[in-house]
Structure formats: C-alpha cells, structure tokens
Amino acid sequence: MLTRLPPLLRTLPLVLAILTALALPARPEGDRFSNSDIERLIVGKRIYLAAPLGGEFPLNYRRSGTVDGSGEAVGLGRFAKPNDTGKWWIRENRLCQQFSTWYKGAPMCFELYRTGERTLKWIRDNGQTGTARIGETI
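Reading guide: rules and limits
Each residue is numbered by its place in its chain's sequence as written, counting from 1. Where totals are concerned, whole chains, interfaces and linings use all residues; where local detail is concerned, this predicted model gives features only for residues with pLDDT of at least 70, and gives and counts side-chain atom pairs only at 80 or more. Heavy atoms throughout the structure, all of them, feed into the side-chain values; hydrogens and water do not. Here the nonpolar core consists of buried residues drawn from Ala, Val, Leu, Ile, Met, Phe, Trp, Tyr and Cys, with membership extended through side-chain atoms lying within 4.5 Å. Here the term buried applies to any residue with accessible area under 20% of the maximum for its type, exposed to any over 50%, and partly exposed to those in between, with areas from a 1.4 Å probe on protein chains only. Helix and strand labels come from DSSP, where a helix needs a run of H or I of at least four residues and a strand needs a run of E of at least two; each type is numbered from the N terminus. Working rule for contacts: check all heavy atoms of both residues, and any pair within 4.5 Å makes them a contact. Whether two strands pair depends on DSSP finding at least two bridges between them.

Visitor: Looking at this structure, how should I read the nonpolar core?
Guide: Nonpolar side chains in soluble globular proteins tend to end up buried together. Membership of the largest hydrophobic core comes to 21 residues, with the highest contact counts inside it found for Phe33, Ile42, Leu59, Tyr61, Leu95, Leu112 and Leu120. If you list the elements that add at least two residues to this core, you get helix 2 (35-41), strand 2 (56-61), strand 5 (94-99), strand 6 (108-114), strand 7 (119-124) and strand 8 (129-137). When sequence neighbours within four positions are dropped, the list of residues in contact with Leu59 reads Lys45, Arg46, Ile47, Leu49, Val67, Asp68, Gly69, Gln97, Phe99 and Trp102.

Listed below in structure tokens is the structure:
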C-alpha cells in the first residue's frame, strides 16, 4: 500500500517520528527520585549545589522541615543576603522549598535524578537545571 504513494508521502511517517523526538525534552540520565528516595537520601543531609562559577553552595535539609544555607563560600554576600532559612516539603516526587528572602520568598519544586552514588541532577519547576552532591548527615 505504501509503495503506491508518492515518495514524499512514503517518508512522512519517518519525518514525523524524527520531528516528534526532537521536540520532546531530553530526559535526564539516571533514575528520578521518588518521595521515599528524597526522604532517605536528602532529608537530614547537607546538599552541596554546584555553583556556576565554581565552588559549592551548601543547603541543610533538616528533619524538622526547615532548610538553611550559606552562600558565603561562593561569594553570595556581595550580591544578596548570604544566609537564609526556609521550609522544605515533598510533593509528588519533587523536593519543594521556600526561603524567607532568597528568590523573593517564592516556593519552588525540583525533580531530582540520580547521576552517581552521591550525585544528582536537579530540574526546577521553571526549567533551570543544575547538579549537586549529597553530603554528610547533619
């Protein structure tokens, strides 16, 4: 049946498949964290976010439901309040947080993907991405 179609129409399914694949967002490498993964691997730990210009930005996800961080090591104090505290929660396999002053106090959520034994990739609900290292228990 396809052999009776003009050559352009015979290739249309292949072209559509390629265009669809290109239009879909790339899935990060690694397994996506579930609620229980976040509870087990993030809560009660210091997480080191990789800073764009080098260094690491530590955030403490305390079992009490608070999160705090210090940007002093990466020079945040030159641009904004270097330390802040907020709250965290888990919703639909995403780690969510809201700081008092950072990001104007706006709540945000992250999908987390395992990239190594103690490393991960995060994707914020606005599409921003980054990497982090799972640190010590606090």
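Moving on from the coordinates now.
Visitor: Quick question: what am I supposed to make of the pairing of strand 5 here?
Guide: Remark: a regular strand shows side chains that alternate across the two faces of the sheet. Most of strand 5 is tucked away: 5 of the 6 residues are buried. As paired elements, strand 4 (residues 83-91) and strand 5 share 6 bridges and run antiparallel to each other. Bridging across to strand 5, Arg91 finds its partner in Arg94. Here strand 4 hands over to strand 5 after 2 residues, with Glu92 in that stretch at a positive phi of 50 degrees. Note that strand 5 and strand 6 share 3 bridges and pair antiparallel. Along strand 6, the bridge assignment pairs Gln97 with Met108.

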